[in-house]
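# Observations on the model geometry
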Amino acid sequence: QVQLVESGGGLVQAGGSLRLSCAASGRAFSSPATGWFRQAPGKEREFVARISWNGILAQYTDSVKGRFTISRDNAKNTVYLQMNSLKPEDTAVYYCAVGPWAGVQGTLAKAYDYWGQGTQVTVSS
């Protein structure tokens with residue numbers, strides 16, 4: 001059975017940091033890519049970052065480059081999203097997902113096979 005569980009969300013002031021974790025079980029962690037997406041109220045789910053299974057490839061959306069870092073620890077079956085210099089516009093529910101790397105399509109939610117339940121991140125101004 002594939003299961004993804006996110007944790008680490010919370011309330012933080014602008015400029016602060018959070019580290020999100022995505023713990024995977026079953027076949028999920030052997031998927032070629034793990035991605036982080038976020039969804040703010042009234043908005044569509046958007047791509048944040050993704051990382052390849054071996055950790056060599058990583059990609060970020062422009063708005064988080066230089067502030068967020070995606071990493072993984074395969075021994076712990078966990079992918080992390082370190083978020084620094086947080087802004088109020090980063091407020092959203094953050095989801096992790098696994099699926100194929102899928103080239104440029106890998107920034108689209110539809111490319112991913114399995115999703116976690118999400119963790120809320122709220123950044124106050």
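Look up: the structure comes first, before these words.
Small disclaimer: the values here were computed from a predicted structure and weren't measured.

To continue, consider the overall build of the chain. Helix and strand counts for the chain come out as zero helices and eleven strands. Ordered by position from N to C terminus, the α and β elements of the chain give β-β-β-β-β-β-β-β-β-β-β. The C-alpha atoms of the chain give a radius of gyration of 13 Å, which matches the 14 Å a tight globule of 125 residues would have. Over its C-alpha atoms, taken along the principal directions, the chain stretches across nearly 40 × 30 × 25 Å. Relative to its full complement of 125 residues, the chain shows a buried share of 42%. Counting contacts in the chain only where the partners sit at least 6 residues apart, residues at least 24 apart contribute 58% of the total. Put simply, the chain has 12 plus and 8 minus side-chain charges, and the middle of one group is 3 Å from the middle of the other.

Here we come to the pattern of salt bridges. Enumeration according to the criterion identifies four salt bridges in this entry. Notably, a salt bridge pairs Asp-90 with Arg-38, separated by 2.9 Å at the nearest N-O pair. Taken as a pair, Asp-90 in the loop between β8 (78-83) and β9 (92-99) and Arg-38 in strand β4 (residues 33-39) lie far apart in primary sequence, 52 residues in all. For the pair shown, Asp-90 and Arg-38 are each scored as buried.

Residues Trp-36, Val-48, Phe-68, Ile-70, Leu-81, Met-83 and Tyr-94 are the most contacted members of the largest nonpolar core, which totals 25 residues. Elements with a minimum of two residues in this core: β3 (18-25), β5 (46-52), β7 (68-73), β8, β9 and β11 (119-124). For Phe-68, the contacting residues outside a window of four places in its chain are Arg-38, Val-48, Tyr-60, Leu-81, Gln-82, Met-83, Asn-84, Leu-86, Asp-90 and Tyr-94.

To continue, consider the packing of aromatic side chains. The tally for this structure, following the rule as stated, stands at five aromatic pairs. Seen in terms of ring centroids, Tyr-112 and Trp-115 are 6.2 Å apart; in terms of plane orientation they differ by 65°. Their pairing is edge-to-face. For Tyr-112, a relative accessible area of 6% gives the class buried. The side chain of Arg-45 reaches across the aromatic face of Tyr-95, ending 3.7 Å from its centre. Positioned above the aromatic ring of Trp-101, the side-chain terminus of Arg-50 is 3.8 Å from the ring centre.

Ordered in space as β1-β3-β8-β7, the four strands form an open sheet in which the pairing is antiparallel. Strand pairing shows two members of the sheet lacking a second neighbour, β1 (3-7) and β7, which therefore form its edges. The mean angle between the axes of side-by-side strands here comes to 15°, regardless of whether they run parallel or antiparallel. Taken together, the six bridges between β3 and β8 define a ladder with antiparallel strand orientation. Each residue of the ladder has a partner; that of Cys-22, found in β8, is Val-79.

What counts as what
- Residues numbered from 1 in each chain as written.
- Predicted model: local features only at pLDDT ≥ 70, side-chain atom pairs only at ≥ 80, totals over all residues.
- Heavy atoms only, no water.
- Helix = DSSP H or I, 4+ residues; strand = E, 2+ residues; numbered from the N terminus.
- Rg over C-alpha atoms; globule rule 2.2 N^0.38 Å.
- Buried < 20%, exposed > 50% of the residue type's maximum accessible area, 1.4 Å probe, protein only.
- Contact = heavy atoms within 4.5 Å.
- Lys, Arg positive; Asp, Glu negative; His and termini not counted.
- Charge placed at Lys NZ, Arg CZ, Asp CG, Glu CD.
- Salt bridge = Lys/Arg side-chain N within 4 Å of Asp/Glu carboxyl O.
- Core = buried A, V, L, I, M, F, W, Y, C linked by side-chain atoms within 4.5 Å.
- Phe/Tyr/Trp six-rings, centres within 6.5 Å; stacked < 30°, edge-to-face > 60°.
- Lys NZ or Arg CZ within 6 Å of the ring centre and 35° of its normal.
- Pairing = 2+ DSSP bridges.
- Axes fitted to C-alpha atoms, helices over the stretch in contact; angles between N-to-C directions.

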